[in-house]
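Summary of the model geometry
Below are the chains, spelled out letter by letter.
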Protein chains: 2
Amino acid sequence: MSERVLTRKGQARRAEILETALKVLAERGYRETSLRAIGRELGIEPAHILHYFQSREGLLEEVIRAWDAPVDAQNDAPFLQIWPEVLERNAKIPGLVHLYTALAAEASTPDHPSHDFFQNRYRRIRRRVADEVDRGMREGRYVPALSSDEIAVMLISLSDGLQLQWLIDPSINPASQLRSAITRLTEP
Amino acid sequence: MSERVLTRKGQARRAEILETALKVLAERGYRETSLRAIGRELGIEPAHILHYFQSREGLLEEVIRAWDAPVDAQNDAPFLQIWPEVLERNAKIPGLVHLYTALAAEASTPDHPSHDFFQNRYRRIRRRVADEVDRGMREGRYVPALSSDEIAVMLISLSDGLQLQWLIDPSINPASQLRSAITRLTEP
C-alpha cells in the first residue's frame, strides 16, 4: 500500500492513532470488524482512519507490523530460541493474537485486501526459519530428519494453531509446546 | 443449543437449508458474515434461518457438524491414519476450511455464541487423538517421546495452522506435512 506524504504533524497524528489502536485492540480484542465500528471502538472518526491508513485493513496491517517490530528488529538473534519467548509475550496480549488470527483467516480468500500482506508475511517468516535451520545444520547444532523448509512450514503452522487453540482453551501452553516441537524437529 | 420440536415437513425444510448452506459455503467460502448476508448468499430469508437454527451461529455450527460427520461416524477407525486423508478431502472444499478457521477465530472471545461449541469440539478431538496414541503405545506401534495429550494438542494445532497457511499460500501440502509430523511424533 503506498503511503501518503504527511507533514510532521500528520505523521504524529498517524502514530497516535496507531498507538491507540494497538492499546485498545490488545485490551479488548478484535470484536468489531467494520471501519465504523473500529473507529467507534478507538474513539476516532472513520474519515481519519481512511486519511492516515487508506482503509480499515491498512490500519490493522500496521497494528500487526507494530506487533512484529520487536522480533523483526532482532534479525541477528537465533529465531528458534526467541520464538517461544514471543509466544510467552503474546499470552499477555490475547487481543492482538485474536486480531492476527481472525484477520489472517478473513484474508485467506484471494480477493481480500490483506491477502498479499499475509502471503508475504508467511513467506518472510518461512525463509527466516528455514535459514536458521540451515545455519544450525552447518554448525552441527541441528540434525533434522526433515528439510529446513518443511520444518519452517510445520513450526509456523504449529505456532498459529497453538495460539488459536489457546484462545479457545487457555489450559494449553503454546510456548512450552512450541519449544518441545522445536527440540523434536531439530534432533537427529 | 436446544432444538425446536419440528414437524416432519419442518425437519425436511431444515435439512434442505443445511444442505444449501453446505453447498454454497463449500463453493464460495465464508465471505459474508451477517445473518442478512448469509441469507442473501443462500437465497433464504433470515427469518427462516432463525426459525430453523435459532441464530447465524446455530446454522454455521450445524454446517461444521455436517462437515465433521463422516469422521465422527468412523469412530472405530485409527484416527491418526484417516486424519491426513481428511485434510486431502478438505483441500477440495477450501470454502468450508475457510468457514471453520474464520468462525473458530471469531469464536475465540469467551462471550461469542460459538465459544462453547469450539471449546467442546477441541476437547473431544483432543481426547480422541490422545486415546489413539495411548492405544498405539499399549500395542507397541508408537513409542513417543512426549505424552499422548501433548501429542494431541500439537497435532490439532498443526492441522489447524497448516490449513490456515495453505488457504493463504496454496504451495504447501497440509496432508503430507501432517503425515510426516505424525510419524516424527510417534517414533522413538
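Residues numbered from 1 in each chain as written. Chains lettered and ligands numbered in written order. Predicted model: local features only at pLDDT ≥ 70, side-chain atom pairs only at ≥ 80, totals over all residues. Heavy atoms only, no water.

1. So, the UniProt feature "DNA-binding region" (unreviewed entry) in chain A
The sites that carry the UniProt feature "DNA-binding region" (unreviewed entry) are, in the present numbering, residues 34-53 of chain A. A distance of 14 Å separates the end C-alpha atoms of residues 34-53 of chain A, which is 80% helix and 0% strand. (UniProt positions renumbered as here; feature names shortened; annotations may be inferred. Helix = DSSP H or I, 4+ residues; strand = E, 2+ residues; numbered from the N terminus.)

2. Some details on the environment of Arg121(A)
Residues and elements named next belong to chain A. Along the chain, Arg121 turns up in helix H7 (residues 115-138). A relative accessible area of 8% means that Arg121 is categorised as buried. C-alpha separation for the pair Arg121 and Arg65, spaced 56 residues apart in sequence, amounts to 9.6 Å. If near-sequence neighbours (up to four positions away) are discounted, Arg121 is found in contact with Ile64, Trp67, Asp68 and Tyr100. (Buried < 20%, exposed > 50% of the residue type's maximum accessible area, 1.4 Å probe, protein only. Contact = heavy atoms within 4.5 Å.)

3. Description of the packing of aromatic side chains
Each aromatic ring pair is characterised by the separation of its centres together with the angle its planes make. If you walk through the whole model with that rule in mind, you get eight aromatic pairs over all chains. Between Trp67(A) and Tyr100(A), the aromatic rings sit 5.3 Å apart at their centres with planes inclined by 40°, giving tilted as the arrangement. Taken together, the residues span a long stretch of sequence, with Trp67(A) in helix H4 (residues 56-73) and Tyr100(A) in helix H6 (residues 94-106) at a distance of 33 residues. In textbook terms, an aromatic cluster arises when at least three aromatic residues are bridged by ring pairs, as seen for Trp67(A), Tyr100(A), Phe117(A) and Phe118(A). Above the face of the Tyr142(B) ring, Arg141(B) is positioned so that its terminal group lies 5.1 Å from the ring centre. (Phe/Tyr/Trp six-rings, centres within 6.5 Å; stacked < 30°, edge-to-face > 60°. Lys NZ or Arg CZ within 6 Å of the ring centre and 35° of its normal.)

4. With respect to empty space enclosed by the protein
A probe matching the size of a water molecule, rolled over the atoms, marks out where space remains unfilled. Within this structure, the stated rule accounts for five cavities of 30 Å³ or more. Roughly 100 Å³ of volume is contained in the largest cavity. Contributing to the lining of the largest cavity are Met154(A), Leu155(A), Leu158(A), Ala181(A), Arg184(A), Leu185(A), Met154(B), Leu158(B), Ala181(B) and Leu185(B). Of all the secondary structure elements, the ones that give two or more residues to the lining of the largest cavity are helix H8 (148-168) and helix H9 (174-186) of chain A together with helix H8 (148-168) and helix H9 (174-186) of chain B. Looking at the lining of the largest cavity residue by residue, the classes come out as nine nonpolar, no polar and one charged. (1 Å grid on protein atoms, 1.4 Å probe; cavity = no way out; pocket = protein on both sides within 12 Å on 5 of 7 lines; lining within 4 Å. Points joined across faces, edges and corners; volume = space filled by probe spheres on them. Nonpolar A, V, L, I, M, F, W, Y, C, P; charged D, E, K, R; others polar.)

5. Digging into the relation of the copies chain B and chain A
Superposing chain B onto chain A takes a rotation of 180° combined with a translation of 0.0 Å along the rotation axis, leaving an RMSD of 0.0 Å. The two molecules are tied by a two-fold rotation axis, judged by turn and shift. Taken together, the interface assignments show that 100% of the residues at the interface of chain B recur at the interface of chain A, consistent with an identical surface on both copies. (Least-squares fit on C-alpha atoms with pLDDT ≥ 70 in both.)

6. Notes on the interface of chain B and chain A
Frequently, the measure chosen for interface size is the accessible area removed from exposure when the parts meet. Taken residue by residue, the interface counts 41 residues in chain B and 41 residues in chain A. For the chain B and chain A pair, buried surface summed over both sides reaches about 3,700 Å², with 57% attributable to carbon and sulfur atoms. Looking only at chain B, the three residues that lose the most surface to chain A are Gln165(B), Ile168(B) and Arg184(B), adding up to 20% of its buried area. Seen at the junction of chain B and chain A, the total is four salt bridges. Between Arg126(B) and Asp169(A) there is a salt bridge, with its nearest N and O atoms 3.5 Å apart. Where chain B touches chain A, the interface holds 13 residue pairs in polar contact (both at pLDDT 80 or more). When residues of the side of chain B that touches chain A are traced back to their parent elements, those giving at least two are helix H6 (94-106), helix H7 (115-138), H8 and H9 of chain B. (Buried area = accessible area lost by both parts, 1.4 Å probe. Salt bridge = Lys/Arg side-chain N within 4 Å of Asp/Glu carboxyl O. Polar contact = N/O pair within 3.5 Å; in protein donor to acceptor, adjacent residues only side chain to side chain.)

7. Examining the domain arrangement of chain A
All names here are of chain A. The assigned domain composition of chain A is domain 1 (1-63) and domain 2 (74-188). Taking only C-alpha atoms, the centre of domain 1 and the centre of domain 2 are 26 Å apart. Contacts between domain 1 and domain 2 engage eleven residues on the former and twelve residues on the latter. Interface of domain 1 and domain 2: buried area, both sides summed, is about 990 Å²; carbon and sulfur atoms make up 70% of it. Notably, a salt bridge pairs Glu106 with Arg56, separated by 3.5 Å at the nearest N-O pair. At the boundary of domain 1 and domain 2, one finds one residue pair in polar contact (both at pLDDT 80 or more). Broken down by secondary-structure element, the contributors of at least two residues to the side of domain 1 that touches domain 2 are helix H1 (8-28) and H4. For the side of domain 1 that touches domain 2, the element with the highest residue contribution is H4, accounting for five residues. (Domains from an automatic or database assignment.)

8. Examining helix H3 (residues 46-53) of chain B
Residue and element names in this part refer to chain B. Among all positions of H3, only Ile49, Tyr52 and Phe53 are buried. Each buried residue of H3 lies within a common arc of 80° when the element is viewed along its axis, so the set occupies one face. Among the structural elements, helix H1 (8-28), helix H2 (35-42) and helix H4 (56-73) are those in contact with the buried residues of H3. Phi turns positive, to about 70°, at Gln54, one or two residues after H3. (Arc of directions from axis to C-beta.)

9. With respect to unusual backbone geometry
Of note, the phi angle at Gln54(A) is positive, near 70°, even though the residue is not glycine. By the element assignment, Gln54(A) lies in the loop between helix H3 (46-53) and H4.

10. Thoughts on the side chain of Gln165(A)
By secondary structure assignment, the location of Gln165(A) is in helix H8. For Gln165(A), a relative accessible area of 1% translates into the label buried. What Gln165(A) contacts, discounting residues up to four positions off in sequence, is Ile172(A), Tyr122(B), Arg126(B), Val153(B), Ile156(B) and Ser157(B).

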